[in-house]
Amino acid sequence: MTTVRLLVGTHKGAFILTSDERRERWKIDGPQFVGWDVYHVKGSPVDPNRLYASQSRGWFGQVVQRSDDGGKSWEPAGNEFKYEGAINTHKWYDNSDHPYDFTRVWHLEPSLTDADTVYAGVEDAALFKSTDAGKSWQELDALRHHPTAPSWAPGAGGLCLHTIIQDPKNPDRLVIAISSAGAFRTDDGGKSFKPINKGLRSNYIPDEDAEVGHCVHHIAMHPSRPETLFMQKHWDVMRSDNAGDSWTEVSGNLPTDFGFVIDVHAHEPETIYVVPIKSDSDHFVPDGKLRVYRSKNGGNEWEALSKGLPQKDCYVNVLRDAMSVDNLEACGVYFGTTAGTVYASNNAGDSWKPIVENLPAVLSVEVQTLA
Amino acid sequence: MIRVVLPANLRTLAEVGREVELEVGGTVTQRTVLTALETAYPMLRGTIRDHVTQKRRPMLRFFACEEDLSDESPDAPLPEPVATGKEPYLIVGAIAGG
């Protein structure tokens, strides 16, 4: 029997939600790491019972937790994230130079091929790698030493590296994204990185098509087509068909093209999902209505998906890592809100049900489809 | 035995109660107490003081015998009641949140 397992990170702990393949009745386990921010929990594609969790708190810093039994038990792993070499500076909000300073892990990305290898995207923006199941971490410091790095400035959430995408056909290629520096790609396993922001236009920066400085919120890729990337930028939904070398806007008929999440259907690489948010000053859904928008042709033409979602007096946000899709034949789509509800669709978004409500604000949702 | 009182979030992380007891060899200072604490509970490394600089995390403070020792030298001997276990060494998180 197939089991679907959701890994939910929240502002006050982590939860694990499980169901059979019908995805109608859910068991709620948790909270784990009570009282701590859990920015992200993700399982290894190689060993699905190997989970990694990022646990942090302003008072106490960063802890990385690891489970080898699917979340039944956890063990603290290594939490020393030491920048390699000289500590350079980035721009602060007032344009002064600010030394890079580790704050937290935003995103953990387990390797596609080795359960002991995992990447961590951190604030202040840097990419770390562990090859011993999280015991120790080494910075892939070519990114932070990129010539443009002194000009990177934080977004409202900090200078965070929040997106890490592995190319399943090319193990040396990673695409990462930083708010608000933009997207970058390595084609040599992290020895060098280059900005991949051509085609992005951001009218909130002095040079609106600058090489860096764009507030990229999230990027998604279908594993069968790693050259095609979909991006939710601060404003604008974008796509690239050359691994980020150039981008075109596909916001089309969206009611607003501001948002955080973006994801791709498990079996239809041109079917994508976003949750439009009213604006960068009003971080909630427009018109008091929670609607996921789906495009079945890779963008530009979008349809609102609202069946089962609140359509009045709703003022929630859906954060950048808080949407995920399962691999079942009828693709399941899941997302969590800042009001602590996790919604599920077992029919690719046609209809939705809340599977748990009143959790702490949801920071991340990842799904595992377990045979 | 040296008694150390931990804030709530670190008790859950270390899976201990409000107070832990530690053997500390030699002169009892803030540095030797924290090193003994991190040796006994490795999961606390990096959560009280920085891994590299060993500086106290900014939203924590250290107290003993009703005195704030946060900015004292980490190598200064702790008060005799702490060194003898009569009084605990307190690691306190900032009160924040309204």
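Preceding block: the structure.
So, here is what we can say about the structure in this document. Throughout, residues of each chain are indexed from 1 in the direction in which the sequence is written. Chains and ligands are labelled sequentially in the order written, the chains with letters from A and the ligands with numbers from 1. Only residues with pLDDT of at least 70 get local features here, since the model is predicted, and only at 80 or more are side-chain atom pairs given and counted; chain-wide, interface and lining totals rely on the full set of residues.

### Notes on the overall build of chain B
Each helix and strand counted, chain B has three helices and five strands in total. Secondary structure elements are defined from DSSP: runs of H or I of at least 4 residues count as helices, runs of E of at least 2 residues count as strands, and each element is numbered from the N terminus. What you see in chain B, going N to C, is helices and strands ordered as β-α-β-α-β-β-α-β. Radius of gyration: over C-alpha atoms. The globule rule applied is 2.2 Å multiplied by the number of residues raised to the 0.38 power. At 12 Å, chain B has a C-alpha radius of gyration in line with the 13 Å of a compact globule built from 98 residues. When its C-alpha atoms are laid out on the principal axes, chain B stretches across 35 × 25 × 25 Å. Here chain B holds 98 residues, and the buried ones make up 29% of them. Note on contacts: each residue gets a C-beta atom placed from the backbone, and two residues are in contact if those atoms are within 7 Å. Considering only contacts within chain B whose residues lie at least 6 apart along the sequence, 52% involve residues at least 24 apart. Whether a residue is buried, exposed or partly exposed is read from the other C-beta atoms within 10 Å of its own C-beta, which are placed from the backbone; 20 or more gives buried, 12 or fewer gives exposed, and intermediate counts give partly exposed.

### Section: the overall build of chain A
If you tally the helices and strands in chain A, you get zero helices and 30 strands. The C-alpha atoms of chain A give 19 Å as radius of gyration, which agrees with the globular expectation for 371 residues (21 Å, within 12%). Dimensions of chain A along its principal axes, counting C-alpha atoms only, are 50 × 45 × 40 Å. Residues counted as buried form 53% of the 371 residues belonging to chain A. Long-range contacts, defined as pairs at least 24 residues apart, comprise 49% of the intrachain contacts of chain A with a sequence gap of at least 6.

### A closer look at the pairing of strand 30 (residues 362–370) of chain A
On any regular strand, side chains alternate: one points to one face of the sheet, the next to the other face. Residue and element names in this part refer to chain A. When you tally the buried positions in strand 30, you get seven out of nine residues, the bulk of the element. Whether two strands pair comes down to DSSP finding at least two bridges between them. Alignment of strand 1 (residues 3–10) against strand 30, held across eight bridges, turns out to be antiparallel. When the sheet's bridge partners are listed, Thr10 is paired in strand 30 with Val362.

### Comments concerning the sheet that holds strand 4 (residues 67–68) of chain B
Residues and elements named next belong to chain B. The strand order 2-1-5-3-4 describes an open sheet built from five strands, whose pairing is mixed. Two strands close off the open sheet at either side, each with one partner strand: strand 2 (19–22) and strand 4. Relative to strand 2, strand 1 (residues 2–5) runs antiparallel, the two being bridged by four bridges. When the bridges of strand 2 are listed, Val5 appears paired with Glu19. For helices, the fitted axis covers only the stretch in contact; all axes are lines through C-alpha atoms, and the angles between them, taken along N-to-C directions, range from 0 to 180 degrees. The strands touched by helix 2 (residues 30–40) are strand 1, strand 2, strand 3 (60–64) and strand 5 (89–93); relative to strand 2, the strand with the most contacts, the crossing angle is about 105°.

### Remarks on the interface of chain B and chain A
Put simply, an interface is often sized by how much accessible area is lost when its parts join up. The partner chain A presents 14 residues to the 16 residues of chain B that form the contact. Broken down by element, the residue count for the side of chain B that touches chain A peaks at five residues, all from helix 1 (residues 8–14) of chain B.

### Notes on the environment of B:Val92
Locating B:Val92 in the fold gives a position in strand 5. Put simply, B:Val92 and B:Arg61 are 31 residues apart on the chain and 5.2 Å apart in space, counted from C-alpha to C-alpha.

### So, the pairing of strand 4 (residues 37–43) of chain A
Residue and element names in this part refer to chain A. Most of strand 4 is tucked away: seven of the seven residues are buried. Sheet analysis places strand 4 next to strand 5 (residues 51–57), joined by six bridges and oriented antiparallel. Bridging from a neighbouring strand, Val38 pairs with Gln55 of strand 5.

Coordinates in, geometry out; function isn't part of it.
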